[in-house]
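Structural characterization, general
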Amino acid sequence: MTWRIDLLRTPDEIEAVLAIERASFTNPWTREMYLAELENRGVSFCYLARDEAGQVVGFCSFWRILDELHINNLAVAPGARRGGAGTALLQHVLRQGTKLGARRATLEVRRSNEVARTLYERFGFTVAGVRRAYYTHPVEDALVLWREARDDG
Ligand SMILES: CC(C)(COP(=O)(O)OP(=O)(O)OC[C@H]1O[C@@H](n2cnc3c(N)ncnc32)[C@H](O)[C@@H]1OP(=O)(O)O)[C@@H](O)C(=O)NCCC(=O)NCCS
């Protein structure tokens, strides 16, 4: 399967992201939040993965803050999971981060989210800390993961 990855650029592309948000998270981001992200140019980026028909199947959003990449959200539509889109998005975002001057990357993940944790470990993320009861619905610790710069090809 090949995925086309490009930037979310216009408000009308947000609806596809929201559908995947709602199918993936118990506290999904809202349209207003994504509109605000779109305004925050130079800092906030959201990449979309599309299938061959042009359908959005996943997304990954991040902030570039000085030399750090803060990954906010990564999700793939349930029907498209396990097809490599998550890997493709993460690889693309980490490469973009390096191009933008980021030397390190960080994110938070639910302790019980074995699928995402496996994916992040493959990319060299390691656990650097814990935020107790950080998440709600259900309440759960967040693991804080960091990854130092490396060559992503
Ligand atoms: C995490 C997520 C983005 C992965 O997307 P994906 O497109 O399915 O990922 P990939 O197909 O690239 O899979 C990458 C690896 O993740 C692991 N993985 C993915 N799905 C898995 C599953 N159901 N069970 C076990 N491992 C799994 C595997 O190691 C897999 O590699 P492999 O297929 O070569 O074994 C997706 O599962 C998702 O949207 N989950 C809900 C939202 C979420 O938890 N986001 C992360 C928040 S921090």
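Described in the following lines is the structure provided in the data block. The structure displayed is predicted, hence computed values, not measured ones.

So, the environment of Asp 141
Positionally, Asp 141 belongs in strand β7 (residues 140-148). The class of Asp 141 is buried, set by a relative accessible area of 16%. As a C-alpha pair, Asp 141 and Ser 112 span 29 residues in sequence and 8.7 Å in three-dimensional space. Not counting the four nearest positions on each side in its chain, Asp 141 is found in contact with Val 109, Arg 110, Arg 111, Val 130, Arg 131, Arg 132, Ala 133, Tyr 134 and Tyr 135. A distance of 2.9 Å separates a polar side-chain atom of Asp 141 from the backbone nitrogen of Ala 133.

Comments concerning the packing of aromatic side chains
Within a pair of aromatic rings, the relevant descriptors are the distance that separates the centres and the angle that separates the planes. The final tally for this structure, using the stated rule, is six aromatic pairs. With a centroid separation of 5.4 Å and 50° between ring planes, the pair formed by Trp 29 and Tyr 34 is classed as tilted. The class for Trp 29 is buried, based on a relative accessible area of 19%. Ring centres of Phe 45 and Phe 62 lie 5.1 Å apart, and the angle between their planes is 15°; this geometry places the pair in the stacked category. Here Phe 62 lies in strand β3 (residues 56-65) and Phe 45 lies in strand β2 (residues 44-50), a separation of 17 residues in the sequence. Both residues of the pair, Phe 45 and Phe 62, belong to the buried class. In textbook terms, an aromatic cluster arises when at least three aromatic residues are bridged by ring pairs, as seen for Trp 29, Tyr 34 and Phe 59. Its end group placed over the ring of Trp 146, Arg 104 keeps NZ or CZ at 4.0 Å from the ring centre.

Re the pattern of salt bridges
Enumeration over the complete set of coordinates arrives at 11 salt bridges. In this structure, Arg 111 and Asp 141 form a salt bridge, with 3.1 Å as the shortest nitrogen-oxygen distance. With Arg 111 in the loop between β5 (104-110) and α4 (114-122) and Asp 141 in strand β7, this pair connects stretches of sequence that are 30 residues apart. Overlapping salt bridges bring together Arg 4, Asp 6, Glu 13 and Arg 50 as one network.

Topic: the packing of helix α1 (residues 14-24) against helix α2 (residues 31-39)
A pair of packed helices is captured by two measures, namely the crossing angle of their axes and the spacing between those axes. The N-to-C vectors of α1 and α2 enclose an angle of 130°; their axes lie 10 Å apart at closest approach. It follows from the interaxial angle that α1 and α2 lie oblique. Crossing geometry of α1 relative to α2 is assigned as right-handed. Every residue of α2 that contacts α1 at Ile 14, Glu 15, Val 17, Leu 18 and Glu 21 is listed here: Arg 31, Tyr 34, Leu 35 and Leu 38.

Some thoughts on helix α3 (residues 85-99)
Helix length check: α3 (15 residues) gives 21 Å between terminal C-alpha atoms against 21 Å at 1.5 Å per residue, within 8%. Looking only at α3, the buried set comprises Ala 85, Gly 86, Leu 89, Leu 90, Val 93, Leu 94, Gln 96 and Gly 97. Looking down the long axis of α3, one finds its buried residues gathered within 160° of arc, a one-sided arrangement. Directly beyond the C-terminal end of α3, a positive phi value near 100° is found at Gly 101.

Notes on the site of the ligand
Residues in close proximity to the ligand total 21 residues, the closest being Leu 74, Arg 82, Gly 84, Thr 87 and Asn 113. At 3.2 Å, a backbone N or O of Gly 83 approaches an oxygen atom of the ligand. At 2.8 Å, a backbone N or O of Gly 86 approaches an oxygen atom of the ligand. With the chains in place, 75% of the 920 Å² that the ligand exposes on its own is no longer accessible. Ranked by residue count, the leading element in the shell around the ligand is α4, at six residues.

Here is what the cut-offs are and how they apply
- Residues numbered from 1 in each chain as written.
- Predicted model: local features only at pLDDT ≥ 70, side-chain atom pairs only at ≥ 80, totals over all residues.
- Heavy atoms only, no water.
- Helix = DSSP H or I, 4+ residues; strand = E, 2+ residues; numbered from the N terminus.
- Buried < 20%, exposed > 50% of the residue type's maximum accessible area, 1.4 Å probe, protein only.
- Contact = heavy atoms within 4.5 Å.
- Polar contact = N/O pair within 3.5 Å; in protein donor to acceptor, adjacent residues only side chain to side chain.
- Phe/Tyr/Trp six-rings, centres within 6.5 Å; stacked < 30°, edge-to-face > 60°.
- Lys NZ or Arg CZ within 6 Å of the ring centre and 35° of its normal.
- Salt bridge = Lys/Arg side-chain N within 4 Å of Asp/Glu carboxyl O.
- Axes fitted to C-alpha atoms, helices over the stretch in contact; angles between N-to-C directions.
- Parallel < 35°, antiparallel > 145°, perpendicular 65-115°, else oblique.
- Left-handed = near helix turned anticlockwise from the far one by under 90°.
- Expected span 1.5 Å × (residues − 1).
- Arc of directions from axis to C-beta.
- Near = heavy atom within 4 Å.
- Areas by Shrake-Rupley, 256 points an atom, 1.4 Å probe, with all protein chains shown as cover.

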